[in-house]
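Observations on chain architecture
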Amino acid sequence: MADALEEETESTISIQEYLKDVEQQELEADLVLGGDEGKECTYSNGYMKRQAIFSCLTCTPDGNAGVCTACSLSCHDGHEVLELWTKRNFRCDCGNSKFGEFFCKLSPNKDIENGENSYNHNFKGVYCTCGHPYPDPEVEEQEEMIQCCICEDWFHEEHLNLESADEIPRDEEGEPMYEDLVCQACSPTFSFLELYPQPIRVAAKQHVAIDKVKEKEVLDAANNSCPSSGKLEMEHGSSALLEDGMATLEASREVRNVTDSSSIAGSSAHCLLEVELLSDLPAAKGSKALFLAKNWREVLCRCRRCLSFYESKHIGFLLEKDDSIAEYERMAKEKRDQKLQRQEGTELNFLNKLGHVEKIEILNGIADMKNEMHSFFESYDASRPITPEDIQQVFENLAKKRRREF
């Protein structure tokens, strides 16, 4: 009995912790949904650069269709719906020919199919080269997965064709030092990245001892030689890419070269690589996952020949700022802040429209609630959890007080 009580007590959390957790969950949901409140079907927006997509296995068990946030809530409520995070260049399928006699409640007039949509096995609820679901019911502790920025599949770390997990660039706290992953299946198409200086790719963390004074001098030299515009973010210092101090200096020169080149990346005549990629694409050095540095897209060459190459490989989306997850989340945070500001403004407008008596009653009601909650916590036994009956009693006490006042 004592053990059961102790276990129950340990599972409790404070109100502050609960509210903080709720706020964090709301923020994570807004980041995934891109600020979409799920009120309107996105079909009329066409093929969106990036949006949250869901797969309904109840309606399309073959996993060959995807629906937007609003349709997942309004049209597929109660169905077996999979959250696929975000997909690029996707148009809502809800109610088209893939759904048989089922029609979209929000936007019923749709084309038979969306020919430009792309689907992978994620739409069936499986991921990675292992083809396992997530969460995996056969695994007690779920493993972290990383999404490829090209095929948009998700991979377990041990299935990235790496010799060890140490090849994944992380800082001392275990946080990722890269912006995007290109999986081993997609990396052969990106062998042209080998032509760029090393800083466009993030190497594995090297466990080397470098004299801190010398390292500071090298980094200062790199910072002084690099313009601020178009610069790759190397948040954790160049030493993560190097084997010794001299290699660090060499890498800093390469950063300078990449940065200088990025200033003319928009040129239609000058090729940064000076290679005809359509005919002289370097052979891939095996199938191995690539980890790409922050802002790596900004330094890609944009000459006519390279643009033709991107188009032929169907990877022109890499040049679009809105395609990146970082930009998607930045815009989601901006929409969230705007929504919160609108809510605050609505509340203030509501109070301003009230008369003096109504304002006093609202303020008194807030004061009564505050006093009742204070009395509850003063007499509350902190060794036991708060139950629904406790909350109900608080509101009954408030109701009795209001009746006495009238």
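Residues numbered from 1 in each chain as written. Predicted model: local features only at pLDDT ≥ 70, side-chain atom pairs only at ≥ 80, totals over all residues. Heavy atoms only, no water.

1. What to know about the nonpolar core
Counted only if it meets this: Residues grouped as a nonpolar core are buried Ala, Val, Leu, Ile, Met, Phe, Trp, Tyr and Cys residues, joined through side-chain atoms within 4.5 Å. Relative accessibility decides the category of a residue: with a 1.4 Å probe and only protein chains considered, values under 20% of the type maximum give buried, values over 50% give exposed, and everything between is partly exposed. A run of H or I in DSSP counts as a helix once it spans at least four residues, and a run of E counts as a strand once it spans at least two, with each numbered from the N terminus. Any two residues whose heavy atoms approach within 4.5 Å at even a single point are treated as in contact.
In this structure, Ile 150, Phe 190, Phe 192, Leu 193, Tyr 196, Leu 300 and Tyr 310 are the most contacted members of the largest nonpolar core, which totals 53 residues. When residues of this core are traced back to their parent elements, those giving at least two are strand E2 (81-90), strand E5 (145-147), strand E6 (154-156), strand E7 (180-182), strand E8 (290-292) and helix H7 (304-312). For this core, the element with the most residues is E2, which contributes four residues. Ignoring anything within four residues of it in the chain, the contact list for Leu 193 reads Ile 200, Arg 201, Leu 290, Leu 292 and Leu 300. The next biggest cluster of nonpolar side chains, apart from the first, holds 15 residues, and it includes Cys 41, Tyr 43, Val 67 and Cys 104.

2. Describing the side chain of Ser 55
We apply this condition: Polar contact criterion, stated in full: a pair of N or O atoms within 3.5 Å, where within protein one must be able to donate a hydrogen and the other to accept it, and residues adjacent in sequence count only if both atoms are side-chain atoms.
Position of Ser 55 relative to the elements: it lies in strand E1 (residues 48-56). Polar side-chain contacts of Ser 55 include one of 2.7 Å to the backbone oxygen of Phe 123. Filtering out sequence-adjacent residues up to four positions away, Ser 55 remains in contact with Gly 63, Ala 65, Glu 80, Val 81, Leu 82, Leu 84 and Phe 123.

3. Re the state of the cysteines
Basically, it comes down to this: Working definition: a disulfide is two cysteine sulfur atoms within 2.5 Å of each other.
Throughout the structure, instances matching the rule amount to zero disulfides. Cys 59 carries a free sulfur, and the closest cysteine sulfur to it, the one in Cys 56, is 3.6 Å from it. Here Cys 306 is not disulfide-linked; the sulfur of Cys 303 is the nearest cysteine sulfur, at 3.6 Å. Taking relative accessible area as the criterion, Cys 306 reaches 0% and is therefore assigned buried.

4. Considerations on the packing of aromatic side chains
Ring pairs (aromatic) are described by centroid distance and by the angle formed between their planes. Let me state the cut-off plainly: Each pair of aromatic rings taken from Phe, Tyr and Trp, with Trp reduced to its six-membered ring, is defined by centres within 6.5 Å and is described as stacked if the planes are under 30 degrees apart, edge-to-face if over 60, and tilted in the remaining cases.
According to the stated counting rule, one finds ten aromatic pairs in the structure shown. Their ring planes at 75° and their centres at 5.2 Å tell us that Tyr 119 and Phe 123 sit as a pair that is edge-to-face. Using a relative accessible area of 28% as the deciding quantity, one classes Tyr 119 as partly exposed. Each ring, one from Phe 309 and one from Tyr 310, has its centre 6.1 Å from the other, and the planes form 65°; the classification is edge-to-face.

5. With respect to the side chain of Lys 110
Note the threshold: We score Asp and Glu as negative and Lys and Arg as positive, and we do not count His or the chain ends. For salt bridges, the criterion is a side-chain nitrogen of Lys or Arg within 4 Å of an Asp or Glu carboxyl oxygen.
For Lys 110, the position within the fold is in the loop between E2 and strand E3 (126-127). Of the side chains bearing the opposite charge, Asp 93 lies closest to the buried Lys 110, which forms no salt bridge; the N-O distance is 7.7 Å. At 2.8 Å, the side chain of Lys 110 forms a polar contact with the backbone oxygen of Cys 94. Excluding residues that lie within four positions of it along the chain, Lys 110 makes contacts with Cys 41, Tyr 43, Cys 71, Cys 92, Asp 93, Cys 94 and Cys 104.

6. Topic: the pattern of salt bridges
The full count for this structure, using the stated rule, is 13 salt bridges. Arg 305 is paired through a salt bridge with Glu 276; the nearest N and O atoms lie 3.9 Å apart. Taken together, the residues span a long stretch of sequence, with Arg 305 in helix H7 and Glu 276 in the loop between helix H5 (245-262) and helix H6 (277-280) at a distance of 29 residues. Exposure remark for Arg 305: the relative accessible area of 38% places this residue in the partly exposed category.

7. Remarks on a nonpolar patch on the surface
The test is simple: Patch definition: residues with relative accessible area over 30% and no salt bridge; like charges joined within 9 Å; nonpolar side chains (Val, Leu, Ile, Met, Phe, Trp, Tyr) joined within 5 Å. Computed with a 1.4 Å probe, the accessible areas rest on the Shrake-Rupley method; for each residue, only the protein chains presented here act as cover.
Judged by side-chain polarity, Phe 350, Ile 360, Ile 362, Leu 363 and Ile 366 come together as a nonpolar surface patch covering roughly 460 Å² of accessible area. When residues in the nonpolar patch are grouped by element, the largest group, four residues, is from helix H9 (residues 356-379). In this fold, Ile 366 is placed in helix H9.

8. Quick look at the environment of Gln 393
Topologically, Gln 393 is positioned in helix H10 (residues 388-405). The class for Gln 393 is partly exposed, based on a relative accessible area of 37%. A C-alpha to C-alpha distance of 9.5 Å links Gln 393 and Phe 376, two positions 17 residues apart in sequence.

9. Details of the confidence of the model for the chain
Applicable threshold: One confidence number per residue, pLDDT, is output by the predictor and ranges from 0 to 100.
For the chain, mean pLDDT is 78; residues scoring 70 or higher make up 75% of the total. Across the chain, the secondary-structure element scoring lowest on mean pLDDT is H5, at 40, and the one scoring highest is E3, at 96. This stretch, residues 206-219, has a pLDDT under 50; its non-local contacts, to residues over four places away or in other chains, come to 17 contacts.

10. With respect to unusual backbone geometry
The linkage connecting Tyr 134 with the following residue, Pro 135, adopts the cis geometry, with an omega of -5°. Its identity is not glycine, yet Glu 152 carries a phi of approximately 65°, on the positive side. Along the chain, the position of Glu 152 falls in the loop between E5 and E6. Although it is not a glycine, Asn 161 adopts a positive phi angle of roughly 60°. Turning to its location among the elements, Asn 161 is positioned in the loop between E6 and E7. Taking the relative accessible area as the measure of exposure, Asn 161 reaches 47% and is therefore partly exposed.

11. Let's talk about the pairing of E1
The two faces of a sheet get side chains in turn, since along a regular strand they alternate between them. Here is the rule: Strand pairing is defined by DSSP finding a minimum of two bridges between the two strands.
Where burial is concerned, most of E1 is hidden: seven out of the nine residues are buried. Across seven bridges, E1 lies against E2 in antiparallel orientation. By the bridge assignment for E2, Arg 50 is matched with Arg 88.

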